[in-house]
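Breakdown of the fold
So you can see what is in the structure, the chains are spelled out below.
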Amino acid sequence: MAKQFVQNVTGMDEDFAQWYTDVVTKAELIDYSSVRGSMIIRPYGYAIWENIKDALDGKIKETGHENVYMPLFIPESLLQREKDHIEGFAPEVAWVTHGGEEELAERLCVRPTSEVLFGEHYKNIIHSYRDLPKLYNQWANVVRWEKTTRPFLRTLEFLWQEGHTCHETDEDALGETIKMLDVYADICENMLAIPVIKGQKTEKEKFAGAKFTYTIESLMHDGKALQSGTSHHLGDGFAKAFGIQFTDRDGKLQYVQQTSWGFTTRIIGAMIMVHGDDRGLVLPPKIAPTQVMIVPVAQHKEGVLDFAYDMKRRLSSVARVGIDASDKKPGWKFNEYEMKGIPLRLEAGPRDIENGHVILVRRDTGEKVTVSIDGIEETITALLHDIQENLLKKATVHREEKTSTAVTFEEFKSQIDQGGFIKAMWCGEEACENKIKEATTATSRCIPFEQEKVADTCVCCGKEARDMVYWAKAY
């Protein structure tokens with residue numbers, strides 16, 4: 001049935017990967033560049049990112065952080081200062097070896113992340129406890145030379161923010177790590193309508209060089225998980241590597257405790273895969289660049305376009321409103337804006353205008369309602385709110401339906417092929433993590449903060465269990 005609406009989009013259940021590719025290109029979010037694994041973010045895609053960025057940037061500033069900008073290039077010697085960190089990133093680093101025709105005396109890394117740049121800077125500006133905390137954030141691009149790429153989800157270059165902070169105590173740094181994870185969860189759930197699970201990464205899956213990593217994990221329509229944001233407690237490892245010391249309140253020299261946290265354009269990929277359907281994108285109203293698209297019907301008839309533009313002026317006080325007054329047929333326009341995921345479509349023709357009403361069509365449910373133009377501002381506001389709430393509820397129900405519990409390894413192996421999260425106990429040994437991955441390709445997604453005891457023994461080895469872990473195949 002879906003294909004009668006959008007002829008050129010592969011069905012989700014037919015080939016999910018191709019469906020995703022069709023949507024990101026045909027909804028005009030991206031175009032491919034001449035460099036493998038790189039994408040051009042088109043105006044519609046970038047407008048979505050700007051709305052996410054503006055919302056997150058506001059929260060970052062509300063929590064006392066300041067924006068800065070660090071260089072794109074990192075000298076190899078500087079990167080080598082933190083051994084665990086460079087080992088973690090080595091396979092993905094892009095190197096600059098020449099400047100013009102001249103070979104450089106030292107290779108320059110195109111930043112995969114900026115911990116070492118912040119470390120070098122913090123050493124120069126932090127001297128006393130009075131200089132702390134330092135709460136910096138950067139909006140930037142980074143480069144990671146990925147072998148397998150997919151638009152938004154995994155590209156050679158992507159956009160993100162990276163926070164880097166310094167604190168007096170371990171307790172202060174821990175508080176920062178949790179606070180920023182909560183900010184990410186709030187953006188995902190309340191802006192993007194994506195439910196998330198908050199927890200800690202295992203030692204194997206944590207950020208290279210971190211003391212530990214906190215994460216938010218979400219589940220896509222096809223049952224695969226996506227890491228949607230991370231917040232890292234770095235401890236004093238980078239501080240010792242870069243000599244970031246301060247004189248404490250007792251006059252003694254101490255190393256700072258650091259954090260870092262990041263949120264990227266891959267969240268757009270998550271939003272597409274959580275909410276999209278066979279007709280294309282479905283955008284949560286809070287993030288949609290256009291929340292209401294007005295489509296005049298029989299616009300060649302007297303008064304129709306004037307009415308449509310009057311509607312746009314009226315509704316612009318309560319929503320982001322567009323109007324399509326092109327000479328394309330209404331049917332084409334309906335399909336186009338369904339593909340682009342616009343939350344509400346407003347249709348108005350001569351008879352509607354004469355009767356003092358318009359037709360509103362919800363993108364999330366397809367429901368058509370005829371509403372009076374009297375008080376339409378309140379109607380639109382209420383509908384957008386309801387669509388936002390419905391998308392979160394629908395995604396939460398899907399996640400719960402696709403979450404199962406496994407007690408034995410045989411149960412685990414049979415359930416993982418069905419997709420979704422599996423809750424299973426773990427002994428804490430990396431050997432069991434590796435065995436599970438080798439046997440099923442599933443990875444530990446997180447040790448959730450909200451623990452359940454679903455068994456007494458590890459799902460893999462049968463020894464005494466330490467934690468309940470969410471497992472899944474992942475992007």
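Up top you'll find the structure we're talking about.
Parameters and conventions
- Residues numbered from 1 in each chain as written.
- Predicted model: local features only at pLDDT ≥ 70, side-chain atom pairs only at ≥ 80, totals over all residues.
- Heavy atoms only, no water.
- Helix = DSSP H or I, 4+ residues; strand = E, 2+ residues; numbered from the N terminus.
- Contact = heavy atoms within 4.5 Å.
- Polar contact = N/O pair within 3.5 Å; in protein donor to acceptor, adjacent residues only side chain to side chain.
- Pairing = 2+ DSSP bridges.
- Axes fitted to C-alpha atoms, helices over the stretch in contact; angles between N-to-C directions.
- Phe/Tyr/Trp six-rings, centres within 6.5 Å; stacked < 30°, edge-to-face > 60°.
- Buried < 20%, exposed > 50% of the residue type's maximum accessible area, 1.4 Å probe, protein only.

What about the environment of Thr-259?
Note that Thr-259 resides in strand 14 (residues 257–264). In this structure the C-alpha to C-alpha distance between Thr-259 and Cys-166, which are 93 residues apart in sequence, comes to 6.7 Å. Here Thr-259 is in contact with Gly-163, His-164, Thr-165, His-167, Ala-173, Glu-176, Thr-177, His-232 and Leu-234, once residues within four sequence places are set aside. Only 2.5 Å separates the side chain of Thr-259 from the side chain of Thr-165, close enough to count as a polar contact. Within the structure, the side chain of Thr-259 is placed 3.3 Å from the side chain of Trp-261, a separation counted as a polar contact.

Some words on the sheet that holds strand 19 (residues 368–372)
Across the sheet, 5 strands lie side by side as 16-15-17-18-19; this open sheet has mixed pairing. One side of each edge strand has no neighbouring strand; the edge strands of this open sheet are strand 16 (321–323) and strand 19. Adjacent strand axes in the sheet meet at a mean angle of 25 degrees, parallel and antiparallel pairs treated alike. Inspection of the sheet shows strand 18 (residues 357–362) paired to strand 19 by 5 bridges, in the antiparallel sense.

Here we look at the side chain of Thr-230
Relative to the helices and strands, Thr-230 resides in strand 11 (residues 225–235). Here His-232 takes part through its side chain, which lies 3.3 Å from a polar atom of the side chain of Thr-230. When near neighbours in sequence (up to four residues on either side) are disregarded, Thr-230 contacts Tyr-184, Thr-213, Tyr-214, Thr-215, Trp-261 and Gly-262.

Quick notes on the packing of aromatic side chains
Applying the stated rule across the entire model yields 11 aromatic pairs. A centroid spacing of 4.9 Å and a plane angle of 85 degrees characterise the contact between Tyr-214 and Phe-449, whose relative ring orientation is edge-to-face. Pair noted here: Tyr-214 is in strand 10 (residues 212–219) and Phe-449 is in the loop between strand 22 (443–448) and strand 23 (467–472), with a separation of 235 residues, a long-range link. For Phe-449, a relative accessible area of 41% corresponds to the partly exposed category. Arranged with centres 5.3 Å apart and planes meeting at 80 degrees, the rings of Phe-421 and Tyr-470 form a pair that is edge-to-face.

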